[in-house]
Structure formats: C-alpha cells, structure tokens
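Residues per chain, in single letters:
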Amino acid sequence: MSFISIEFAFFCVIVFATYYIVSKRYRYIVLAIASYIFYAVCDFKYIFLLFAITVVTYIGAQLARTKYRKISYFFTLGCVVGVLLFFKVGIWGSCRLNLILPIGLSFYTLQALGYLMDVYNGKSTVEKNFLKYSLFVSFFLTIVSGPIERSGNLLKQIQEGTDFSYDRAKKGILRIIYGCFQKALIADRIGILTNEAFSNFEGYTGAALMWAVVLYGIQIYADFSGYSNIVIGIGNLLGFDLIDNFKQPYFSKGIKEFWSRWHISLSSWLKEYIYIPLGGNRCGKLRMYSNLIITFLISGIWHGTGWNYIIWGGLHGVYQVIGKATLQYRSKLKEKLGINYNCFSFRWGQGLITFILVDFAWLFF
C-alpha cells in the first residue's frame, strides 16, 4: 500500500476517526489492530514472522531482568539476527532458496533489538503489556521504511497515550504536503530520467551520465526524506512525535557530519548498538578504524543483498577512516596556509567535496 494513494488516505481517515472516538486509555489497541491490518494488506505471507519476532523479543525482554538474563538475552539476540541473516543470505543465493525479503523486516528487527538491548543494559524498563509492545514493533507508520524508533521515544508515548494538538496537527499537515511534493514532484520525476539513463547507458555520453548520477543523489534524498516527512506528519496528526530522519544532509561539510544528518535513526542506531559496543573511539587508532569499517559494512549489508551494498558501506567506512587519520595533518596545513575556516568559499568547497564523495558512493548503491 503506497503512502501516496487513495487507499492509504482512506485507511488513515478510518484510523484517525476510530482513534479519537475511543477513550485515550484504549487508543493503543486501535493502532495495534490497524498496524496488523496494514501489514496484512502489504505482506500477508510474512505476518506470522512479524508476530513471532514480537513474541520472542517480548519474552526475551521479560527474562532480561531475571537470573536467566544472560542466556535469554543472547538466545533472543541470536534468533532475531539469525532470521535477518537467513533472509539476507538466502536472497543473495536466491538461485537456491528463492526467498523474498519480508516487507519492513530490516526495520522492525532493529527496533525490537534496540528495545531488547536497552532493557538488558538497564536503559529502558520492561513493557509488560504485550499489545503496547506489539504496537511499538509493528506501528504502521514506521514498519515499512522507518524511522527506526527507540523505546525511550515511541514506546514511551504509547505507554502514556497521546492527545490531539492543533499546533502539532497543523505542523503535521504542512509536513505531509511537503513530503508529497518531495516524493511525487521531485523524486518520481527525476526517477524517469535516471532510470532511462542507467538502463540505456551505452547511448549516453560521459557528461550526461555524470549528471544522471548527480540527479540520482537528489532523487534518493527526495524520495526517502519525502517518505519520512509524510510519516512524521501523519504521526503528528495522531499526537506522536517521531524521530526526525533528515536534516539537510547535502549541506554537510564532511562525511562524519553527513551521517549525523542522513537517515539519522539508522546512523544513531548503528553508533549506539554496534560501534560503541565494539569499543568505539575509546581504544587504539587501529581498533577504532576497524570498528568504523565493521559498522559501515554492517550498514551496507542491512541496506540490501549484493556486493554493491557492501562496497557502498565499505566506501563510507573508508571515507571516515581517511578523515580521522588525516585530520591532524589537514589542520596543520590549513594553519600554515592561513585558511579562514569560516569563510563562505571554504565551507562551500567542503560541502562540494562531501557531496561528490557521497554521490560517487551512490553509484554502487
């Protein structure tokens, strides 16, 4: 079910009406039922998998505060990661297993794993109400393409309940309109040009293909950011404040800054649950560099199946390593040359180089 469709608009009207008619105490039940109906329409074949992962992580979190905490934690972690890898590896070897990736699997597994790890590490309390937790994992606004929510944000709002706010609703409507503009009038229009150029590249000059790559960078941003804005806007209408996923990433002045402004819910998840547990930057330089590479390789595998995604993730890891390894030398060179860090031309040059590096990586993506 496309988020820009009459069917989805009709679905949302029914959900909104029902949600605000019932008592605040029971509104989470309405959204839980609506979320499973939505997923059944999108991918009925794998609805049991969604339910199974919800049950397993729910039980795992319940046991994570008992004397069986370590066994239950690693068992649950292994089950969920194993399911994700089974489909990723299986699709990669599709000639043997003939699998199709379940809709939203990459998103709702990370959401469930984040909750499990937060409970295990004492950062979040255990949610005993299964329906509330089920809504957190399966929320129809985030299950398809994020943002990847945290228990401290979305689950907390589900627990407390939400109320209609005129100011929040007005902000949400404006965000929905902007998101539809990004998706339908920018991303989809540019997609016609880029699809033609990439599918028939032999008939185009190098300069034309170069512009197609630049346009693809704009397309993928407008598409994903547009989707995120629609989702966040609808969430506002329901009284929810979801994670802001993009903050003008193409205005970044470095790759590190780019990843603090692009797909924020994923980059922050990888940092908190992969990079920091590996040691982050609290260890030696070589270890820190390897942690960065591992984190971005995992990001590539998470995004899709195939060597192109691994190369894309690896490139961003290498970008970060080179940036950190040369930081001291670049700073000394700037001082010797007397470069003004705050002048417009220098900041513009940094932004241009960053965009070129990101856009080059999109070639593989």
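Below or above, wherever it landed, is the structure these notes cover. (Residues numbered from 1 in each chain as written. Predicted model: local features only at pLDDT ≥ 70, side-chain atom pairs only at ≥ 80, totals over all residues. Heavy atoms only, no water.)

### Some details on the overall build of the protein
Keep this limit in mind: Per the convention used, a helix needs a DSSP run of H or I reaching at least four residues, while a strand needs a run of E reaching at least two, with both numbered from the N terminus. Buried, partly exposed and exposed residues are distinguished by accessible area as a fraction of the type maximum, computed with a 1.4 Å probe on protein chains only: under 20%, between the cut-offs, and over 50%, respectively. Should any heavy atoms of two residues lie within 4.5 Å, those residues are counted as being in contact. Only the protein chains shown count as cover for residues, and all accessible areas are computed by the Shrake-Rupley method using a 1.4 Å probe. Neither His nor the chain ends contribute to the count of charged residues, in which Lys and Arg are positive and Asp and Glu negative. Each charge is placed at NZ for Lys, CZ for Arg, CG for Asp and CD for Glu.
The helix and strand tally for the protein stands at 16 helices and zero strands. Counting only C-alpha atoms, the protein reaches 65 × 50 × 50 Å along its principal axes. Relative to its 365 residues, the protein shows a buried fraction of 48%. Considering only intrachain contacts with a sequence separation of at least 6, the fraction spanning at least 24 residues in the protein is 70%. In the structure as shown, the protein presents an accessible area of about 18500 Å², 68% of it carried by carbon and sulfur atoms. Of the charged side chains in the protein, 35 are positive and 18 negative, and the gap between their average positions amounts to 11 Å.

### Observations regarding the packing of helix α9 (residues 166-199) against helix α10 (residues 206-237)
This is how it is decided: What counts as an axis is a line fitted to C-alpha atoms, over the stretch in contact for a helix, and the angles between N-to-C directions run from 0 to 180 degrees. Oblique is the label for any angle not under 35 degrees, not over 145, and not in the 65 to 115 range, which are roughly parallel, roughly antiparallel and roughly perpendicular in turn. Note on convention: the crossing is left-handed when the near helix lies turned anticlockwise from the far helix by less than a right angle, right-handed when the turn is clockwise. As a working rule, the residues Ala, Val, Leu, Ile, Met, Phe, Trp, Tyr, Cys and Pro are called nonpolar, Asp, Glu, Lys and Arg charged, and the rest polar, with Gly in that last group.
At a minimum axis separation of 6 Å, α9 and α10 run at an interaxial angle of 155°. What the angle tells us is that α9 and α10 run roughly antiparallel. Note that α9 runs across α10; the crossing there is left-handed. Residues of the contact of α9 with α10, tallied by class, amount to 23 nonpolar, 11 polar and six charged.

### Some words on the packing of aromatic side chains
For the record, the criterion: For this analysis, a ring pair means two rings from Phe, Tyr or Trp (six-membered ring only for Trp) whose centres lie within 6.5 Å, classed as stacked if their planes differ by under 30 degrees, edge-to-face if by over 60, and tilted for the remaining angles. Here, over-ring charges are defined by two tests on the NZ atom of lysine or the CZ atom of arginine: distance to the ring centre within 6 Å, and angle to the ring normal within 35 degrees.
Tallied over the entire structure, the rule returns 45 aromatic pairs. The residue whose ring lies beneath Arg27 is Tyr19, and the NZ or CZ to ring-centre distance is 5.4 Å. For the cation-ring pair, Lys132 lies above Tyr28, with the distance from its terminal atom to the ring centre recorded as 5.1 Å.

### A look at the nonpolar core
Condition: To form a nonpolar core, buried Ala, Val, Leu, Ile, Met, Phe, Trp, Tyr and Cys residues must be joined to one another through side-chain atoms within 4.5 Å.
Counting residues in each nonpolar core, the largest one holds 92 residues, and the members touching the most others are Phe139 and Phe140. Considering every element that reaches this core, the biggest residue donor is helix α6 (residues 105-120), with 11 residues. Ignoring anything within four residues of it in the chain, the contact list for Phe139 reads Leu31, Ser35, Leu154, Leu238, Phe240 and Leu242.

### As for the side chain of Ser299
Looking at the element boundaries, Ser299 is found in helix α13 (residues 285-303). Since its relative accessible area comes to 1%, Ser299 is described here as buried.

### Details of the side chain of Glu149
Going by this rule: In what follows, salt bridge is the name for a side-chain nitrogen of Lys or Arg lying within 4 Å of a carboxyl oxygen of Asp or Glu. Two N or O atoms form a polar contact when they lie within 3.5 Å of each other; inside protein one atom must be a possible hydrogen donor and the other a possible acceptor, and for residues adjacent in sequence the pair counts only when both atoms belong to side chains.
Here Glu149 is to be found in the loop between α7 (130-138) and α8 (151-160). It is Arg150 that comes nearest to the buried, bridge-free Glu149 among opposite-charge side chains, at 6.9 Å. A distance of 2.7 Å separates a polar side-chain atom of Glu149 from the backbone nitrogen of Ile243. With near-sequence residues (within four places) excluded, Glu149 lies in contact with Gln111, Phe136, Thr142, Leu154, Leu242 and Ile243.

### As for the packing of α6 against helix α12 (residues 264-278)
Remark: α6 packs on α12, axes separated minimally by 12 Å, with the N-to-C direction vectors making an angle of 35°. Between α6 and α12 lies a crossing of left-handed hand. Touching Leu110, Leu113, Gly114, Met117 and Asp118 of α6 are Leu266, Trp269, Glu272 and Tyr273, all from α12. The residue inventory of the contact of α6 with α12, partitioned by class, reads six nonpolar, one polar and two charged.

### Things to note about the pattern of salt bridges
Applying the stated criterion across every chain, the model contains 10 salt bridges. Residue Asp223 is joined to Lys183 by a salt bridge in which the shortest nitrogen-to-oxygen separation is 3.3 Å. In this pair, Asp223 is assigned in helix α10 and Lys183 in helix α9, connecting sequence segments 40 residues apart. Residue Asp223 is classed as partly exposed on the basis of its relative accessible area, which comes to 29%. Of the charged contacts in the structure, one is a salt bridge between Arg261 and Glu257, with a shortest N-O distance of 2.5 Å. A relative accessible area of 24% places Glu257 in the partly exposed class. When salt bridges with common partners are traced through the structure, they connect Lys24, Arg27 and Asp163 into a single cluster.

### Here we look at helix α16 (residues 344-364)
Test applied: Expected helix span is taken as 1.5 Å per residue step, with the number of steps being one fewer than the number of residues.
Counted at 1.5 Å a residue, the expected span for α16 with its 21 residues is 30 Å, and the 31 Å between its end C-alpha atoms agrees. Along its buried surface, α16 packs onto α10, α11 (255-259), α14 (307-325) and α15 (327-337).

### Describing unusual backbone geometry
Cis rather than trans, the peptide bond between Gly146 and Pro147 has omega equal to 5°. Inspection of the secondary structure assignment puts Pro147 in the loop between α7 and α8. Despite not being glycine, Gln248 has its phi angle at roughly 45°, a positive value. Inspection of the secondary structure puts Gln248 in the loop between α10 and α11.

### Overview of the environment of Tyr221
Tracing the chain through its elements places Tyr221 in helix α10. Residue class for Tyr221 comes out buried when judged on its relative accessible area of 18%. Counting along the chain gives 143 residues from Tyr221 to Gly78, while the straight-line C-alpha distance between them is 33 Å. In this structure Tyr221 touches Gln182, Gly226, Phe246, Gln248, Pro249, Tyr250 and Trp262, once residues within four positions along its chain are discounted.

### Considering the environment of Tyr273
On the secondary structure map, Tyr273 appears in helix α12. Judged by its relative accessible area of 7%, Tyr273 is buried. Beyond its immediate stretch of four places on either side in the chain, Tyr273 contacts Gly114, Met117, Asp118 and Arg150. At 2.9 Å, the side chain of Tyr273 and the side chain of Asp118 are in polar contact.

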